[in-house]
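Spelled out, the chains give:
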Amino acid sequence: MNYYSLNKSAPIVSFREATIQGQAPDKGLYFPERIPSVDYTLIKDIENYSKEELAFRVMQPYIGNAIDETNLYRIISETIDFPFPLVPVTENIYSLELFHGPTLAFKDVGARFMSRCLGYFSKEQKDTITVLVATSGDTGGAVANGFLGVDGVEVIILYPSGKVSPVQELQLTTCGQNITALEINGSFDDCQAMVKDAFMDAELNKKMQLTSANSINVARWLPQQLYYFFAYQQWQHKEKPPVISVPSGNFGNICAGLLAQVSGLPITHFIAACNVNDAVPEYLRSGNYQSKKPIATISNAMDVGSPSNFVRVMEMFQQSYQAILEKISGYTVTDSITKQTIADIYQQYGYIADPHGAVAFYALQEYLQQYPGSKGIFLETAHPVKFPDTVESVIGKTIAIPASAKHLLEKKKESILMTASFQDLKEWLLNK
Ligand SMILES: *Cc1c(COP(=O)(O)O)cnc(C)c1O
């Protein structure tokens, strides 16, 4: 499989090059030359496949001969080495829990796959690859954990001091080895701007092989389609495929679901559930796309004014507004509705949702009221313990930290304090 740049002025590359580069030289996002169709029998007999076999069959065409089959099977098996349960919450609504990975958020899937691919590719390279990433919380932990101990890859994470939750901060700052956390005296936007400047800086790029680990990288984006297949594997109403509601920020996750659907996975409809950062729902309402200035909310992993993967969604629909309207509905959910929804889900059904999952639940509930008889799934993208300030005050009790994350509490935070200045970052990188 080859990948082209959506800006259409860069050479076509293999999966290997697309992963190492992250973004094309013309600043476009990479997109697969064709979207493969899955075998009809794979869908018909989906319950008879193991998670690993299914995942391998779905992913293999995207990788082609960039990774041999034995290594690809190993990489995929390690990536999805935890459960993806579909849990009933109401009569018609199911939660696809994507928080059972090591850092308690769905980003583990993309980060684990990408890190293993880069580790595999770096064996054929003599220079160390430096991954530079800015995080508002979940990305950093998933990337740190995914890349820990990977030979030939060094990871530098920038996070805004005092603006991530305690569990998130421990996930970022306690890894050691090839992972360094830079604690920036500024906002997430400042961190992101510093990373962008680094990618643009000629001197830095001459001295080191820099790459990014955010969702524009195909190796993070593509494996996210796998859990849509796992959801369908567990779906008990095969005669009526699910409506799927995805809490969306940069639109990588929903775009991976669309990929699964285009390749043949039965899904009735998609819901793009956003907080007030709603450039895409606004586009679906009006037909005009305009990026916005990001606004801070309690579902902060979705505080994105200009969703980077939206260009991929448009490409999937050949830029047709009509075509996209048939497949996706958009919803805007305010913080006060989100809190009310967390309270309602807890009181009525005894289920604890995190703020992102709650946004998706609310949007799905609204949609199902319009289409009675349908059933749906919302993606529960992070464990509620990652957002204790909001969730605990709404439900009025403390959330137990899952056993898999308890070890974090015994570790000591290690970070390097830095001002929000690109010059300081550059100097630090050059003198490291
Ligand atoms: C990153 C993230 C999202 C948004 O996912 P996108 O792929 O950027 O749309 C939603 N929920 C949580 C918990 C996240 O960490």
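Structural data are supplied above this passage.
Residues numbered from 1 in each chain as written. Predicted model: local features only at pLDDT ≥ 70, side-chain atom pairs only at ≥ 80, totals over all residues. Heavy atoms only, no water.

Trainee: Just to check I follow, could you spell out the nonpolar core for this structure?
Mentor: Inside soluble globular proteins, nonpolar side chains tend to come together where they are buried. In terms of nonpolar packing, the biggest core is built from 102 residues, with Y3, F15, F113, Y227, Y228 and I328 touching the most fellow members. In terms of residues, this core owes the most to one element, helix α5 (residues 107–122), which gives eight residues. Within the second largest apolar cluster, 35 residues are counted, among which are I271, M302, A363 and F378. (Core = buried A, V, L, I, M, F, W, Y, C linked by side-chain atoms within 4.5 Å. Buried < 20%, exposed > 50% of the residue type's maximum accessible area, 1.4 Å probe, protein only. Helix = DSSP H or I, 4+ residues; strand = E, 2+ residues; numbered from the N terminus.)

Trainee: Help me out: how do you make sense of the site of the ligand in this one?
Mentor: In the region of the ligand, 15 residues are neighbours, and K107, D138, G249, N250 and T381 sit closest. Between F251 and the ligand, the recorded distance is 2.9 Å, taken from a backbone N or O atom to an oxygen atom. In this structure, an oxygen atom belonging to the ligand sits 3.2 Å away from a main-chain N or O atom of G252. When isolated, the ligand has an accessible area of 380 Å², and the protein chains bury 96% of it. Grouping the constituent residues of the shell around the ligand by class yields six nonpolar, seven polar and two charged. (Near = heavy atom within 4 Å. Polar contact = N/O pair within 3.5 Å; in protein donor to acceptor, adjacent residues only side chain to side chain. Areas by Shrake-Rupley, 256 points an atom, 1.4 Å probe, with all protein chains shown as cover. Nonpolar A, V, L, I, M, F, W, Y, C, P; charged D, E, K, R; others polar.)

Trainee: Explain the packing of aromatic side chains here, please?
Mentor: For any pair of aromatic rings, the description rests on two quantities: the centre-to-centre distance and the angle between the ring planes. Enumeration over the complete set of coordinates arrives at 20 aromatic pairs. Ring centres 6.2 Å apart and planes at 65° place the aromatic pair Y228 and F270 in the edge-to-face group. You can see Y228 sitting in helix α11 (residues 226–234) and its partner F270 sitting in strand β11 (residues 269–274), a full 42 residues away along the chain. On the basis of relative accessibility, which here comes to 1%, the residue Y228 falls in the buried class. For the pair Y283 and Y289, a centre-to-centre distance of 6.3 Å together with 75° between the ring planes defines the contact as edge-to-face. Judged by its relative accessible area of 5%, Y283 falls in the buried class. (Phe/Tyr/Trp six-rings, centres within 6.5 Å; stacked < 30°, edge-to-face > 60°.)

Trainee: Even after reading the chapter, I still don't get the sheet that holds strand β10 (residues 243–247), so can you show me in this structure?
Mentor: The six strands lie next to each other as β4-β5-β13-β10-β11-β12, forming an open sheet whose pairing is mixed. Each of the sheet's edge strands pairs with one partner strand only, and the pair in question is β4 (86–88) and β12 (328–332). This sheet shows a mean twist of 25° between the axes of neighbouring strands, independent of strand direction. Where β10 lies against β11, five bridges are found, and the strand directions are parallel. Looking at β11, one finds that I244 is bridged to F270. Across the sheet, helix α12 (residues 252–262) touches β10, β11, β12 and β13 (376–380), and the angle it forms with β11 is around 175°. Strands β5 (93–97), β10, β11, β12 and β13 of the sheet are contacted by helix α17 (residues 355–370), whose axis makes an angle of about 170° with β13. (Pairing = 2+ DSSP bridges. Axes fitted to C-alpha atoms, helices over the stretch in contact; angles between N-to-C directions. Contact = heavy atoms within 4.5 Å.)

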